[in-house]
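If you want the building blocks of each chain, they are given just below.
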Amino acid sequence: MLLEEAECLADLHEAPGKWHPLKADRVGQWSGFLDANYRLIIEPDHHPLPQLVHGGLDTHQVTQVKIVEVADYHGR
């Protein structure tokens, strides 16, 4: 599975599935394409979250994620 093979969250940017960070009420979560409008929603599983020096998530340091849900959040 892709998530098991990725060494860090940053690896998903280049992976199949059109992975990207979400916005608005889903900030902190990432979405990966499954089928049609359905997406696999994940979020980093680190406490505290690894941060870049000038702010923002350091995706190269995120090595654990949790699956939040499979959802069609389009058209909400």
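Summary of the structure given here.

Rules behind the numbers
- Residues numbered from 1 in each chain as written.
- Predicted model: local features only at pLDDT ≥ 70, side-chain atom pairs only at ≥ 80, totals over all residues.
- Heavy atoms only, no water.
- Pairing = 2+ DSSP bridges.
- Helix = DSSP H or I, 4+ residues; strand = E, 2+ residues; numbered from the N terminus.
- Core = buried A, V, L, I, M, F, W, Y, C linked by side-chain atoms within 4.5 Å.
- Buried < 20%, exposed > 50% of the residue type's maximum accessible area, 1.4 Å probe, protein only.
- Contact = heavy atoms within 4.5 Å.

1. Let's talk about the sheet that holds strand 2 (residues 30-35)
- Spatial strand order, 1-2-3-4: four strands in an open sheet with antiparallel pairing. Edge strands, defined here as strands with exactly one partner in the open sheet, are strand 1 (20-21) and strand 4 (65-71).
- For strand 3 (residues 38-44) and strand 4, the ladder comprises six bridges, and the chain directions are antiparallel. Bridge assignment links Pro44 to a residue of strand 4, and that residue is Val65.

2. Notes on the nonpolar core
- Of all hydrophobic cores here, the largest spans nine residues; its members are Leu3, Leu9, Leu12, Ala15, Trp19, Trp30, Leu40, Ile42 and Val62.
- Ignoring sequence-local partners within four residues, the contact set of Val62 consists of Glu7, Cys8, Leu9, Pro44, His46, Pro50 and Leu57.

3. Observations concerning the pairing of strand 3
- Counted residue by residue, strand 3 has five buried out of seven residues, so it is predominantly covered.
- Pairing of strand 2 with strand 3, which is carried by five bridges, proceeds in the antiparallel orientation. Following the sheet pairing, Asp35 is matched in strand 3 by Tyr38.
- Taken together, strand 2 and the strand that follows it, strand 3, pair antiparallel across an intervening segment of two residues, in which Ala36 is found at a positive phi of about 50°.

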